[in-house]
Amino acid sequence: MSTMENPTNIVWHKSSVEKLDRQRLLQQKGCVIWITGLSGSGKSTVACALSQGLHMRGKLTYILDGDNVRHGLNRDLSFKAEDRAENIRRIAEVAKLFADAGIICIASLISPYRKDRDVCRALFPEGDFIEVFMDVPLHVCENRDPKGLYKLARAGKIKGFTGVDDPYEPPLNCEIVLQQKGRDCVLPCEMAETVISYLEEKGYLQA
Ligand SMILES: Nc1ncnc2c1ncn2[C@@H]1O[C@H](COP(=O)(O)OS(=O)(=O)O)[C@@H](OP(=O)(O)O)[C@H]1O
Ligand SMILES: Nc1ncnc2c1ncn2[C@@H]1O[C@H](COP(=O)(O)OP(=O)(O)O)[C@@H](O)[C@H]1O
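How each quantity is defined
- Residues numbered from 1 in each chain as written.
- Chains lettered and ligands numbered in written order.
- Predicted model: local features only at pLDDT ≥ 70, side-chain atom pairs only at ≥ 80, totals over all residues.
- Heavy atoms only, no water.
- Near = heavy atom within 4 Å.
- Polar contact = N/O pair within 3.5 Å; in protein donor to acceptor, adjacent residues only side chain to side chain.
- Areas by Shrake-Rupley, 256 points an atom, 1.4 Å probe, with all protein chains shown as cover.
- 1 Å grid on protein atoms, 1.4 Å probe; cavity = no way out; pocket = protein on both sides within 12 Å on 5 of 7 lines; lining within 4 Å.
- Sits in = over half its atoms within 2 Å of the grid points.
- Helix = DSSP H or I, 4+ residues; strand = E, 2+ residues; numbered from the N terminus.
- Nonpolar A, V, L, I, M, F, W, Y, C, P; charged D, E, K, R; others polar.
- Buried < 20%, exposed > 50% of the residue type's maximum accessible area, 1.4 Å probe, protein only.
- Pairing = 2+ DSSP bridges.
- Contact = heavy atoms within 4.5 Å.
- Points joined across faces, edges and corners; volume = space filled by probe spheres on them.

S.K.: Lay out the site of ligand 2 with the relevant residues and their values.
M.R.: Near ligand 2 lie 14 residues; those nearest to it are G40, K43, S44, T45 and V186. Within the backbone of V186, one N or O atom sits 2.8 Å away from a nitrogen atom of ligand 2. Relative to its unbound accessible surface of 560 Å², ligand 2 loses 74% to contact with the protein. Because more than half of its atoms lie within 2 Å of the grid, ligand 2 is assigned to the largest pocket. With 3 residues, helix 2 (residues 43–56) is the largest single contributor of residues to the shell around ligand 2. Of the residues contributing to the shell around ligand 2, the split by class is 5 nonpolar, 7 polar and 2 charged.

S.K.: Please set out the pairing of strand 3 (residues 104–108) residue by residue, giving values where relevant.
M.R.: A regular strand carries its side chains on alternate faces of the sheet. Taken across its 5 residues, strand 3 has 5 buried, putting it largely inside the fold. Every second residue of strand 3 is oriented toward a common face, with I104, I106 and S108 on one face and C105 and A107 on the other, all of them buried. As paired strands, strand 1 (residues 31–36) and strand 3 are joined by 5 bridges and run parallel to one another. Considered in strand 3, the bridge of W34 is made with A107. As judged from the 5 bridges shared by strand 2 (residues 61–65) and strand 3, these two strands associate in the parallel manner. Across the sheet, the residue bridging to I63 is I106, located in strand 3.

S.K.: Break down the environment of G30 for me, with residues and values.
M.R.: For G30, the position within the fold is in the loop between helix 1 (19–26) and strand 1. In this structure G30 comes out as buried when scored by relative accessible area, which is 1%. In this structure G30 touches K19, Q23, A99, G102, I103, D128 and Y204, once residues within four positions along its chain are discounted.

S.K.: Provide a residue-level description of the layout of surface pockets, including the pertinent values.
M.R.: Rolled over the atoms, a probe with the dimensions of a water molecule shows which regions are left empty. The computed volume of the largest pocket comes to approximately 730 Å³. Looking at the largest pocket, it is lined by 39 residues, and the ones nearest its centre are S39, G40, K43, I110 and K147. Contributions of two or more residues to the lining of the largest pocket are made by helix 2, helix 3 (66–69), helix 4 (81–100), helix 7 (149–154) and helix 8 (188–201). The leading source of residues in the lining of the largest pocket is helix 2, at 4 residues.

Here it is in structure tokens:
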């Protein structure tokens, strides 16, 4: 029988250097900042601004961007609901390893289903999964359309495109909501500062 069929044959191996030791070394606490939102809502832009802002404060981060991870680890996955769920599950498991390494992991992916995001949240200790919602209306994302994908989706050339003919379920109880202020554009670095203030307040930027 393979170990996959009998997982009880697998025993966790403890290391003498643990998460707390790594956190002390890095002077920060490992966690995941999970940025969810429509295509074009600014997830990748905020992820980069956040990584930059934290790097300048001497904090170690790593970005897991849905688009990028789909080039490698998740290249076998499509955009049907069960593949999106698997995409999200794998990224959450990788993020968990980064958080255990003491790193502030920034995951930016559409992750359209509430249930899938809640499954990810449950993988982490209380507080360590910080959900950030890019609350940007569909028409704004569609006007931006930097990759021309909305145009293709409206023309029926991409099927099952989030927001067009596939659902997006906004979070009900996330930690942070990022949005424009009325008609005023909020710069990505200002949005990143909101997240950094949250991390500071919650003690993630010290061991
Ligand atoms: N059908 C469909 N629906 C939504 N998005 C699509 C689709 N096909 C391709 N793309 C491009 O893939 C990027 C989304 O990948 P994710 O891994 O973030 O998606 S998901 O979390 O699994 O839903 C997404 O990137 P972002 O624009 O950065 O969000 C799109 O560029
Ligand atoms: N805060 C912002 N204000 C105005 N435009 C933005 C902002 N954040 C991102 N953008 C622009 O919106 C487009 C989509 O951003 P991107 O980060 O690629 O979104 P996503 O990763 O959610 O698809 C890009 O052209 C980007 O320059």
